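Letter by letter, the chains look like this.
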Amino acid sequence: MAFEEVCPDRIDLIHKNYRKLCNLLVDVEEWGQVVIIHMLTRYARTQFVSPWREVSYCLSSRNTLVVMAVSQLYWHLAPKHELSIITKSLVRLLRSHREVQYIVLQNIATMSIQRKGMFEPFMKSFYVRSTDATHIKTLKLEILTNLANEANISTILREFQTYVKSQDKAFAAATIQAIGRCATNISEVTDTCLNGLVLLLSNRDETVVAESVVVIKKLLQTQPSQHSDIIKHMAKLFDNITVSMARASILWLMGEYCEHVPKIAPDVLRKMAKTFTSEEDIVKLQTVNLAAKLYLTNSKQTKLLTQYILNLGKYDQSYDIRDRTRFIRQLIVPNEKSGALSKYARRILMAPKPAPVLQSAFKDRDRFQLGTLSHSLNSQANGYLELSDWPAVAPDQSVRIVEVVEPVKEAGAPVFGKSKPGKSDEKFYSDSEEEEEEEEEGSSSEDSSSSSSEESESESESEENSDDSNKSSSSQSDSEKKKKTLKNKKLQQQKPDSKDRKQKNGSAVKGESRSESESASESSSSESSSESGSELDSDSDSGTDQKKNTRFKPVQSKPVTTQVEKKEVSLLDLDDCELVSEILLILQFTSFCYNFGFVILCYCHSQCSMGL
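Let me begin by describing the structure that accompanies this report. Every chain is numbered on its own, with residues counted from 1 as its sequence reads. Reporting in this predicted model follows two pLDDT cut-offs: at least 70 for local features of residues, and 80 or more for side-chain atom pairs to be given and counted; totals over whole chains, interfaces and linings ignore these cut-offs and use all residues. Only hydrogens and water are set aside when side-chain values are computed; all heavy atoms of the structure are taken into account.

## Comments concerning the overall build of the chain
Move 1: A tally of regular secondary structure across the chain gives 26 helices and zero strands.
Move 2: Relative accessibility decides the category of a residue: with a 1.4 Å probe and only protein chains considered, values under 20% of the type maximum give buried, values over 50% give exposed, and everything between is partly exposed. In the chain, which comprises 612 residues, the share counted as buried stands at 39%.
Move 3: If you sum the accessible surface of the chain, you get close to 37,400 Å²; carbon and sulfur atoms cover 53% of it. Secondary structure elements are defined from DSSP: runs of H or I of at least 4 residues count as helices, runs of E of at least 2 residues count as strands, and each element is numbered from the N terminus. Areas reported as accessible are Shrake-Rupley estimates using a 1.4 Å probe. Residue values count occlusion only from the protein chains shown.

Next up, the structure:
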């Protein structure tokens, strides 16, 4: 919609998005479909040589405007043999309320002028109902007239005979005009329609009689010599007709074909001279024309009547009547001041005139795009965009080709969102790290066994030799050095983004500290036992130490291994953790600013309430 309002002529902006828009028509909501279809219609008229086919899925839409948009797209773009696709959809819309029927019937009326075969199978759908409004009846009548041909004219005329008897006078008058159009378009029924219209002249309804006279006048212009009896019959009804248009039509027929009725025309002029001042302007003008034509063809009988009528018109209140009277006088009455035109007066006034063409009022609406406000009003509205003609040479089609460029992922870039990791057979840790872990576990078990044996030896020989305790302490210091070196290697090779390994190292360090504290307590107990010199005390102390060892042994190995096996692999690295921490800091700062601003606002409010 923004494109349609801001830059509707920038067709080049649609090239890259053309195919995408065509594919998205199914998923777009209804009002969006209407805008896109209208935009693609104008686009296709500039980018394709031959009619272009569009998918018909939108014809089943529940939105009337979507169906109308697709229908106008087919009408302006599709080949002729594919237009029948939209017929059923448009007829289906006639079941809607009156406003929708009015717009749909207007578009069908325009289509039926050029493509009669589209709606001929559905002719009964356009029969007038008694509950229809006048404007709906008129449009249906227009469509039935457009669909009339030699095969169905008898059915349509029988339908029209019923419509003439309608209580709706405007609709009855429109029906008479429709009969006249059928008589003009189909020569086989011209006489039949003319005779039927003559019978309507005896109708009591003045509207029907007047409209019949107007239509008969147009039909008689095609073959006036063969229908002189009809002209005489109309002259006899002149006194009973009060509608100004009908009276003017009869006067025009009398003057135009006065040679066919030489005895009736002067008598009609005599009657008009009596009532000239009380007639309508249109009747006065035709009276002046009748007087001029009778003066040129039968001057002996109508010379005085003509001069009398010209004198009446000279002092009429209407400017048109006075100007026409002066012109006719200088043209037909020769005098010294008259110019060269008086020689050609007969050729000017009595020149043969072409028969009027009775055509549909919707014939000139095809210049507007169907479904638009301009088409409905038959006038160009503000903001209307005209459809361009088909190009002689097809433009370059490569402008609609779009290359799909896949985004390149940078190495080490943080991944946001819930992305599922790909399954692979590779392990989370490398083989070298696993081997180091196994060696570490073996060395720790050996060290623990050696320390326990050394502790038992130191407890048993503490009374005999104090040097053995020094040896055991030296062996313990050596084992501690080995553990520290393994620990340093492990920390150097450990990955910075492994959070679980940190937990493992922490538990390992705790186990080592506990073993050191145990060894220290054991050495102190051995010294105290050597000083006392009793074996029972040493045995009891060793027993309690063994209980302590058994109590702390599971903490060194088992919890670490189970934690490594059950811990899930985290897909976040240290960079993501730093990013999350930064985001949390920003959120905390934002919350602080918000709270601080709220405190200031409360303080200002309290100050204002106190009048400060």
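## Comments concerning the side chain of E159
Move 1: Among the secondary structure elements, E159 is positioned in helix 9 (residues 153-164).
Move 2: In this tally Asp and Glu are treated as negative and Lys and Arg as positive; neither His nor the chain ends contributes. Whenever Lys or Arg places a side-chain nitrogen within 4 Å of a carboxyl oxygen from Asp or Glu, that contact is recorded as a salt bridge. R158 is the oppositely charged side chain nearest to the buried, salt-bridge-free E159, at an N-O distance of 7.5 Å.
Move 3: Here Y163 takes part through its side chain, which lies 2.5 Å from a polar atom of the side chain of E159. Polar contact criterion, stated in full: a pair of N or O atoms within 3.5 Å, where within protein one must be able to donate a hydrogen and the other to accept it, and residues adjacent in sequence count only if both atoms are side-chain atoms.

## Some thoughts on a nonpolar patch on the surface
Move 1: In this analysis, a patch consists of residues with relative accessible area above 30% that form no salt bridge, clustered at 9 Å for like charges and at 5 Å for the nonpolar side chains Val, Leu, Ile, Met, Phe, Trp and Tyr. A contiguous nonpolar surface patch, about 450 Å² in accessible area, is contributed by F589, F592, F596 and I600.
Move 2: Mapping F589 onto the fold places it in helix 26 (residues 574-609).

## With respect to helix 13 (residues 228-236)
Move 1: Those residues of helix 13 that fall on the buried side of the exposure criterion are I230, I231, M234 and A235. End-on view of helix 13: buried residues confined to an arc of 140°, all on one side of the axis. Exposed positions of helix 13 whose direction lies more than 90 degrees from the buried face are D229 and K236. This arc describes the spread of directions from the helix axis toward the C-beta atoms.

## A short note on the packing of helix 10 (residues 169-185) against helix 12 (residues 206-220)
Move 1: Running from N to C, helix 10 and helix 12 point in directions that differ by 20°, and their axes come no closer than 9 Å. Viewed along their axes, helix 10 and helix 12 adopt a mutual orientation that is roughly parallel. Crossing of helix 10 against helix 12: the hand is right-handed. Counted together, K169, A172, A173, I176, Q177, G180, A183 and T184 of helix 10 and T207, V208, E211, S212, V215 and L219 of helix 12 form the full contact between these two elements.
Move 2: For the contact of helix 10 with helix 12, the class distribution of residues is seven nonpolar, five polar and two charged. For helices, the fitted line uses only the C-alpha atoms of the stretch in contact; every axis is such a line through C-alpha atoms, and the angle between N-to-C directions lies from 0 to 180 degrees. To sort the angles, those under 35 degrees are grouped as roughly parallel, those over 145 as roughly antiparallel, those from 65 to 115 as roughly perpendicular, and the leftovers as oblique. Less than a right angle of anticlockwise turn of the near helix away from the far helix marks a crossing as left-handed, whereas a clockwise turn marks it as right-handed. Contact criterion: two residues are considered in contact whenever any of their non-hydrogen atoms come within 4.5 Å of each other. Side-chain classes follow a simple rule in which Ala, Val, Leu, Ile, Met, Phe, Trp, Tyr, Cys and Pro form the nonpolar group, Asp, Glu, Lys and Arg form the charged group, and the remainder, Gly included, forms the polar group.

## A word on the pattern of salt bridges
Move 1: Under the criterion given, the structure shown has 15 salt bridges.
Move 2: Residue D267 pairs with K271 through a salt bridge whose shortest N-O separation is 4.0 Å. One end of the pair, D267, and the other, K271, are both in helix 15 (residues 264-274), four residues apart, so they sit about a helical turn from each other.
Move 3: For D267, a relative accessible area of 31% puts it in the partly exposed group.
Move 4: Residue K271 is classed as partly exposed on the basis of its relative accessible area of 29%.
Move 5: It is possible to trace a salt-bridge network through shared partners that takes in D239, D267, R270 and K271.

## Observations regarding the packing of aromatic side chains
Move 1: Stacked, edge-to-face and tilted labels apply to pairs of Phe, Tyr and Trp rings (six-membered ring for Trp) whose centres lie within 6.5 Å, assigned for plane angles under 30 degrees, over 60, and everything in between, in that order. Applying the stated rule across the entire model yields seven aromatic pairs.
Move 2: Consider the rings of F160 and Y163, whose centres lie 6.1 Å apart with planes at 45°: the pair is tilted. Placement of both F160 and Y163 in helix 9 is noted, with a separation of three residues, approximately one turn of the helix.
Move 3: Between F592 and F596, the aromatic rings sit 6.1 Å apart at their centres with planes inclined by 20°, giving stacked as the arrangement. Of the two residues, F592 and F596 both sit in helix 26, four residues apart, roughly one turn of that helix.
Move 4: We classify F592 as exposed; its relative accessible area is 52%.
Move 5: Taken together, F160, Y163 and F171 form an aromatic cluster joined through their ring pairs.
Move 6: Positioned above the aromatic ring of F171 is the side chain of K137, whose terminal nitrogen or guanidinium carbon lies 5.6 Å from the ring centre.
Move 7: A ring is considered to have a charge above it if a Lys NZ or an Arg CZ atom is located within 6 Å of its centre and within 35 degrees of its normal. Sitting over the ring of F238, R247 keeps its end group 4.2 Å from the ring centre.

Remember, this is a structural readout, not a statement about activity or role.
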